[in-house]
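Notes for the structure review
Listed below are the residues making up each chain.
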Amino acid sequence: MIRMYNASKDYANGVKALIDVNIQIAKGEFVFLVGPSGAGKSTFIRLLFREELPSKGQVIIAGKSIVRLRSSKVAVLRRNIGVVFQDFRLLSDRTAFENVAFALRVLQFSHKEINQRVPEILRQVGLSAKAGSYPHQLSGGEQQRVAIARAIVNNPKILIADEPTGNLDPDTSWEIMHLLYEINKRGTTLIIATHDKKIVDTMKRRVIGLERGRLVRDDQQGVYGL
Amino acid sequence: MMKLTTIRFLVGQALASIKRNGMMSLASIGTVAISMFVLGTFLLLALNANLMADTIETNVEIAVLVYPDASEETIDTTYNDISSLNGVMSVSHIGKDEALASLEKQFGEGHDLLRSLGGVNPLPDSFIVKVENPRLVSEVADVIGGFSSVDKVRYGKGMIEKLFSVLDWVRWLGAGIVVLLSLAAVFLIAITVRITVFARGDEITIMKYVGATNWFIRWPFFLEGLILGTLGSLLAATAIYFSYSQLVSYVILTVNFIPLITDKEFILRLLLYLLVGGAVLGSIGSAVSVRKFLKV
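The shown structure was predicted, so the numbers you read here are calculated from the model rather than taken from an experiment.

Scanning chain B from terminus to terminus reveals 10 helices and 4 strands. At 31 Å, chain B has a C-alpha radius of gyration far larger than the 19 Å of a compact globule built from 296 residues. Projected onto its principal axes, the C-alpha coordinates of chain B cover approximately 105 × 40 × 30 Å. Evaluated residue by residue, chain B yields a buried proportion of 39% over its 296 residues. Considering only residue pairs separated by 6 or more positions, chain B has 84% of its internal contacts joining residues 24 or more positions apart. Just so you have it, chain B exposes about 16,400 Å², and 65% of that area is on carbon and sulfur atoms.

Attention shifts here to the interface of chain B and chain A. Many descriptions give the size of an interface as the accessible area lost when the pieces come together. Every contact between the two is made by 21 residues of chain B and, on the other side, 23 residues of chain A. With both chains or domains summed, chain B and chain A bury close to 1,900 Å², and 60% of this area falls on carbon and sulfur atoms. Contact with chain A buries area across many residues of chain B, yet Ile206(B), Tyr209(B) and Val210(B) alone supply 36% of it, more than any other trio. At the boundary of chain B with chain A, the tally comes to 1 salt bridge. For the salt bridge of Glu203(B) with Arg94(A), the shortest nitrogen-to-oxygen distance reads 2.8 Å. At the junction of chain B and chain A, the tally comes to 5 residue pairs in polar contact (both at pLDDT 80 or more). Secondary-structure elements contributing two or more residues to the side of chain B that touches chain A are helix H1 (4–20), helix H8 (201–209) and helix H9 (214–254) of chain B. Per-element accounting of the side of chain B that touches chain A gives the leading share, 7 residues, to H8(B). Across the side of chain B that touches chain A, the residue classes break down as 8 nonpolar, 7 polar and 6 charged.

Attention now moves to the environment of Gly119(B). Residue and element names in this part refer to chain B. Among the structural elements, Gly-119 can be located in the loop between helix H5 (113–116) and strand S3 (126–131). Residue Gly-119 is classed as exposed on the basis of its relative accessible area of 52%. Separated by 24 residues in sequence, Gly-119 and Val-143 have C-alpha atoms that sit 34 Å apart.

Once that is clear, we can look at the domain arrangement of chain B. Domain parsing of chain B yields domain 1 (7–56 + 163–294) and domain 2 (61–154). Taking only C-alpha atoms, the centre of domain 1 of chain B and the centre of domain 2 of chain B are 54 Å apart.

Before going further, it helps to spend a moment on the sheet that holds strand S5 (residues 64–65) of chain A. Residues and elements named next belong to chain A. Pairing within the open sheet is antiparallel, and its 4 strands lie in the order S2-S1-S4-S5. The open sheet terminates on both sides in strands that have one partner only, identified here as strand S2 (16–25) and S5. Across 6 bridges, the pairing between strand S1 (residues 2–10) and S2 is antiparallel. Bridging from a neighbouring strand, Ala-7 pairs with Val-21 of S2.

Formed by 83 residues in total, the largest nonpolar core has its most connected members in Phe32(A), Val106(A) and Leu180(A). With 11 residues, the top contributor of residues to this core is H9(B). In this structure, Phe32(A) is in contact with Met177(A), Ile192(A), Thr194(A), Ile199(A), Val200(A), Met203(A), Arg205(A), Arg206(A), Val207(A) and Ile208(A), ignoring residues within four places of it in sequence. Ranked by size, the runner-up nonpolar core spans 29 residues in total, among them Val21(A), Ile81(A), Ala193(A) and Leu210(A).

Take the packing of aromatic side chains next. With the rule as written, the count across this model stands at 10 aromatic pairs over all chains. Judged by centre distance (5.8 Å) and plane angle (65°), the ring pair of Trp215(B) and Phe216(B) falls under edge-to-face. By relative accessible area, which is 35% here, Trp215(B) ends up partly exposed. For Phe216(B), a relative accessible area of 0% puts it in the buried group. Summarising the aromatic geometry, the rings of Tyr241(B) and Phe242(B) are spaced 5.5 Å apart at their centres and angled 85° between planes, so their arrangement reads as edge-to-face. With relative accessibility at 55%, the residue Phe242(B) sits in the exposed group. In this structure an aromatic cluster arises from ring pairing among Phe102(A), Phe9(B), Trp215(B) and Phe216(B).

Together, Leu272(B), Val276(B), Val280(B), Ile284(B) and Val288(B) make up an exposed nonpolar region whose accessible area comes to about 410 Å². Checked against the element boundaries, Val280(B) lands in helix H10 (residues 264–293).

The rules behind the values
- Residues numbered from 1 in each chain as written.
- Chains lettered and ligands numbered in written order.
- Predicted model: local features only at pLDDT ≥ 70, side-chain atom pairs only at ≥ 80, totals over all residues.
- Heavy atoms only, no water.
- Helix = DSSP H or I, 4+ residues; strand = E, 2+ residues; numbered from the N terminus.
- Rg over C-alpha atoms; globule rule 2.2 N^0.38 Å.
- Buried < 20%, exposed > 50% of the residue type's maximum accessible area, 1.4 Å probe, protein only.
- Contact = heavy atoms within 4.5 Å.
- Areas by Shrake-Rupley, 256 points an atom, 1.4 Å probe, with all protein chains shown as cover.
- Buried area = accessible area lost by both parts, 1.4 Å probe.
- Salt bridge = Lys/Arg side-chain N within 4 Å of Asp/Glu carboxyl O.
- Polar contact = N/O pair within 3.5 Å; in protein donor to acceptor, adjacent residues only side chain to side chain.
- Nonpolar A, V, L, I, M, F, W, Y, C, P; charged D, E, K, R; others polar.
- Domains from an automatic or database assignment.
- Pairing = 2+ DSSP bridges.
- Core = buried A, V, L, I, M, F, W, Y, C linked by side-chain atoms within 4.5 Å.
- Phe/Tyr/Trp six-rings, centres within 6.5 Å; stacked < 30°, edge-to-face > 60°.
- Patch = residues over 30% accessible without salt bridge, like charges linked within 9 Å, V, L, I, M, F, W, Y side chains within 5 Å.

Structure follows, in structure tokens:
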């Protein structure tokens, strides 16, 4: 599903964010991406949905190099990758329903399809009762659920979560992890960048460790380490 | 083909921005309206001036008087020389007898002018020269005046040059003002759209993340400028239509010797061009901002 060959990223300011990363992630895998701040986790994620291009090396998704995509193909690539962020990134002037529907609207889904899919996906993330609430009326965990609903409403093959529990208390974090786990169980490849040692240690999934831009570990049933 | 839902979404986005940008939108619409109003006014002025010039044109002739003692042969050569000049449309020869006859006519029947003049016709042979373009009158007249056989050249000297220099001046002034105002309109629309781009930063990011195509992201911004420009020029076209109708009915009642364009279809077509002009200004304005500030 995802491959990186000797992928390196140097930023214009001289920072070497990634150095010679080789990795392979299979379809349907559940992967934690760990490492201290500035280790290159964010850059790793940005390379995957092509917000950045590698300075060297290759990034291959579903058998195709994404390095030399035309901009119209970039949009197609991104439809197959859902992203969730630490700060949720919801539109504050819209309800939960509208936030999720927004993703479908910009992909030109019809009214009918939107009215079918959005309630269905809100039910999946357990927010049916809050469809009409605005983000400021929702708790952090609920906002993250809306963000996840928006990320998966188009059935992407890959879901990337960048510190999805970074702003949440431990109980809520577990609820969110559980939801992500459910999504992964239905076949979506899941990559979670996190600092949450306890979650990583408890879930015992594949752990990819980055440090100063280098891949330092890749354990099949890993723990956070240190 | 774009889906109806999509079009509604894109236009809805654009209209929402226009509403949210309130004052800036009004300023943009106002500037477009003023610049298109001025453009329309000057266009009508220029077109009417051209009509007036056309009317005058048919009356502009050069009278060429040959020396009274010129021989038949000299007159023929002069005739040919004038006819072969560039820009000359027609030359008609008026012999001295003919000239005397027409003078007699003016005095009325019963006068024997020739006798009262002592049997000698003092009138010279003359030519009436018409030129193709009234702007050439003074030039052609100067050339003819230089011929050795030609005594005097007469035409509405100064009058025509003055008219044309005024018309030119009006045209240049109009063009200058319109260009400046158009730039201001483009600039204001660009700022308005830029405000929208910044206000919509979050939406743009999310659109990118969920895989919206570039054109889809750009369209609402482009539409915003287009709508602002069109609304502004619609305002201008309406204002021009009503004030020009008023003017025409006033002029026809009071100074009806001034020729005015009254062809309704022609004027409506002109206003349609203004509308298109406003839409183009708006599109340019938003294109500038979208290109500069919307990195997708």
